[in-house]
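These are the residues of each chain, in order.
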Amino acid sequence: MPRKGMRSLCFSPETPLFQGSVSPSSSITSPASGFSESMIEQIIDTAAIIVAKWDGETSPYAKVTSMFYESKSEAMHFIRSVNDLRKIMHFLVSGQDSGSENLIRAQRLMQIAMKRLQKEFYQILSMNRAHLDPESVSTRSSRTSTHSSLSDYDYDASPDYEIGAAKESISEVEEVSFMAMSDLKSIADCMIGSGYAKECVQIYNMIRKSIINEGIYKLGIEKVSSSKINKMEWDVLNLKIKNWLEAMKVSMRTLFTGERILCDFVFSSSDSIGESCFSDITKEGAVLLFEFPEVVAKVKKSSPERIFRLLGMYTAISENWPEIETIFSFESISAVRSQALNSMARLSESVRLLLLDFESMIQKDSSKTIVPGGGIHPLTIYSMNYLTALADYGNILTDIISDWPPPAKSSLPEISFYSPVSNESPAAPISDRISRLILVLLCKLDSKAKYYKDVAISYLFLANNLQYVISRIHKSNLHSLLSKEWITKHEVKVNRLATSYERFAWGKVLASLPANPTAPMKPAEAKECFRKFSISFEDAYWKQISCVVPNSMLRDQIKVSIGRKLVAVYQNFFDSHKSTIGDEKSITLFVRFYPEDVGNYLSDLFIRTLTSGGGSSPSSSS
């Protein structure tokens, strides 16, 4: 019987005989054919020599020297001897020879050998912290490539040749990490196969968990309560969010990826042990990392602009979700996946609420300040900046909004001019939401246009702002979220608004000229017509000279349209009736504007502002 206190696990007949790292070139006879007495004693004697050499209790040399560092070939010989020793022990136990002197001797050697391997395992992990840090380990493109390239490397067969081949396949930077990982695997395989998995795991977890915890700390990830987040100034919270986004990149690219690679490789002989180790080492830090977005999403006081930080965090988790599922695939660490999903759900909820807040903010805007010259309203600029920035998160917003029930139709503003574009097929949820927000903005602008005393400028104001909206759509990702039909129909609305502006601003000037400008006319009638035109044109010019049209295409369109209607008609009238009113002196007295003057004044429109000063008086210039 084994001595009291000795392990029995490694002697159980049920334990796999060839578990662990075993050299295919071993000279041991297959267990099926049994071992002779002399062979058993030879194997034990061989093991006794190398085990005694590296027994720290009896050898001063072994006490201060690392076997794997001093001689890799001797370390592999030590591993092979231990594996051979284990086979002999299994053979003796299965043969009901558990009380033999050979078994007792083998047990004693096994205990000494395991103690030595524990020390070597600890030394390799401790001395190679820098080379086994997650960033170094994760230089491999994937756990698959790491596992395949390293697992093919077998120290047991021609170590020198294999080491040389391995060096050729990796860079110098990876070499030390490669060797250390292979040494750890050899020891882990041997200890697990010999029934000393617990001791191996304890050492591994203790050192590796300290490395992960240190990495989490350096990344600035800490436990933060909702109450503390709510009390933070936005600048402080914004900095924490930016720090988290960077920490997320590093964690997924190196920290957790590298640890999973190392765990999978070192404990490749036992999936359950690898899972247990990885879970114990990373679970706490990973949950802490993915918990932060959920806490931030719960902030009670939040402005619409903060949506972009929430979308940034949602994007970070979403884009890394395949890796999250792969790295934290174990059931024992499902809490990490659950926390990531909880954070995404909470972020989605907050993003939806902030979109509603943004809509409400537009609807509640009560400013009655008019923009000089019918220019672009600050609300339009702010809203389109907001929407174009949202469009950069189009795919993410699509995920968030996809299952969000559409708003009730009754809640849409009742203004027919900006009513939603009809479409035979229902719009995608994201398109529906974006078009609704633009509709709310346009309806608010419509109400603000009423503050202009000049009806013409109110129409120009609406044309300018709608054109600005469309321009921003074309120059951003919004164009991919809205249908071509929507954009085309709103471009038509800009033309309708511009036409309305022309009618109200210059209609009186056109009305001062006869319907048939070339029809015969008495001198007094011609003089009166010239007088009415001059008065109405000068009045219209002074009203419109302060107007602005920021968009060059719309500006040219309006100018060309007015010029085509006004200058052409006036030119015909002037050419037909200038001689009717008398000689050159009479023309100078009664005709204040020549056709080319009218064209010049019209070309001067829409580029000035009230602050830059008005143009010269048409009458004085003439």
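Residues numbered from 1 in each chain as written. Predicted model: local features only at pLDDT ≥ 70, side-chain atom pairs only at ≥ 80, totals over all residues. Heavy atoms only, no water.

Counting its regular elements, the protein chain contains 27 helices and 0 strands. Counting the 622 residues in the protein chain, one finds 51% classified as buried. At a minimum sequence separation of 6, the contacts of the protein chain that also span at least 24 residues come to 82%. Total accessible area on the protein chain stands at roughly 29,300 Å², and carbon and sulfur atoms take up 54% of it. (Helix = DSSP H or I, 4+ residues; strand = E, 2+ residues; numbered from the N terminus. Buried < 20%, exposed > 50% of the residue type's maximum accessible area, 1.4 Å probe, protein only. Contact = heavy atoms within 4.5 Å. Areas by Shrake-Rupley, 256 points an atom, 1.4 Å probe, with all protein chains shown as cover.)

This part takes up the state of the cysteines. As enumerated under the stated definition, the model contains 0 disulfides in all. Here Cys277 stays unpaired: no disulfide links it, and the sulfur of Cys263, its closest cysteine neighbor, is 5.2 Å away. Residue Cys277 is classed as buried on the basis of its relative accessible area, which comes to 0%. (Disulfide = S-S within 2.5 Å.)

As a further point, take the confidence of the model for the protein chain. Per-residue pLDDT for the protein chain averages 82, and the proportion of residues at 70 or more is 82%. This stretch, residues 141-167, has a pLDDT under 50; its non-local contacts, to residues over four places away or in other chains, come to 47 contacts. Segment residues 609-617: pLDDT under 50, and 18 contacts once partners within four positions in sequence are set aside and those in other chains are kept. (pLDDT = per-residue confidence, 0-100.)

The next thing to look at is the packing of aromatic side chains. Note on aromatic pairs: each is described by the distance of the centres and the angle between the planes. Applying the stated criterion to the full structure yields 28 aromatic pairs. With 6.5 Å between their ring centres and 90° between their planes, Phe290 and Phe328 make a pair best called edge-to-face. Taken together, the positions of Phe290 in helix α13 (residues 271-297) and Phe328 in the loop between α15 (321-327) and α16 (334-364) put the pair 38 residues apart, joining distant regions of the chain. Each member of the pair, Phe290 as well as Phe328, is classed as buried. Aromatic rings pair up to connect Trp506, Phe530, Phe533, Phe537, Tyr541, Trp542, Tyr570, Phe573, Phe574, Phe593, Tyr594 and Tyr601 into one cluster. (Phe/Tyr/Trp six-rings, centres within 6.5 Å; stacked < 30°, edge-to-face > 60°.)

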